[in-house]
Amino acid sequence: MTALVEYTLELYKSDKRVKEGKRLVSVEDFAPVTRAYIQAVIESKTKLGFIVKASETWVTKRNMMTGKTYKERYDTPYFCSPSSETFWSM
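So, a few notes on the structure that sits alongside this text. Since the model is a prediction, treat every value here as computed from it, not as a measurement. (Residues numbered from 1 in each chain as written. Predicted model: local features only at pLDDT ≥ 70, side-chain atom pairs only at ≥ 80, totals over all residues. Heavy atoms only, no water.)

Turning our eyes to something else, we now look at the environment of Arg17. Here Arg17 is to be found in the loop between strand S1 (5-14) and strand S2 (22-33). You can call Arg17 exposed: its relative accessible area is 72%. In this structure the side chain of Arg17 is engaged in a polar contact, spanning 2.9 Å, whose partner is the side chain of Asp15. (Helix = DSSP H or I, 4+ residues; strand = E, 2+ residues; numbered from the N terminus. Buried < 20%, exposed > 50% of the residue type's maximum accessible area, 1.4 Å probe, protein only. Polar contact = N/O pair within 3.5 Å; in protein donor to acceptor, adjacent residues only side chain to side chain.)

Now for the packing of aromatic side chains. Taken as a whole and judged by the stated rule, the model has 2 aromatic pairs. Both rings, one in Phe30 and one in Tyr37, keep their centres 6.4 Å apart while their planes meet at 75 degrees; by these two values the pair is edge-to-face. Both rings, one in Phe87 and one in Trp88, keep their centres 4.9 Å apart while their planes meet at 85 degrees; by these two values the pair is edge-to-face. Classification of Phe87 by relative accessible area gives partly exposed; the value is 33%. Taking NZ or CZ as reference, Lys13 lies 4.7 Å from the ring centre of Phe50, over its face. Between the NZ or CZ atom of Lys22 and the centre of the ring of Tyr12, over which it lies, the distance is 4.7 Å. (Phe/Tyr/Trp six-rings, centres within 6.5 Å; stacked < 30°, edge-to-face > 60°. Lys NZ or Arg CZ within 6 Å of the ring centre and 35° of its normal.)

If you want it as structure tokens, here you go:
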């Protein structure tokens, strides 16, 4: 049995008007699915002309003060994360 994991896909389009050369079109969160299913979705989006960045939605981090591990969303800003010194310096 394969593991089910939550994924988030960031969809970009090539755009020479922006500095990075691509612009964010949408962010899609998926309920727990298999890696094979996400690969199929990525292939279908790529065929439509999107640049796809896939990430696991939740990552495991360690709390800087207590040392306990916890899960947070992959796109949490560094200064909002209990795993950073800036979070605790206020």
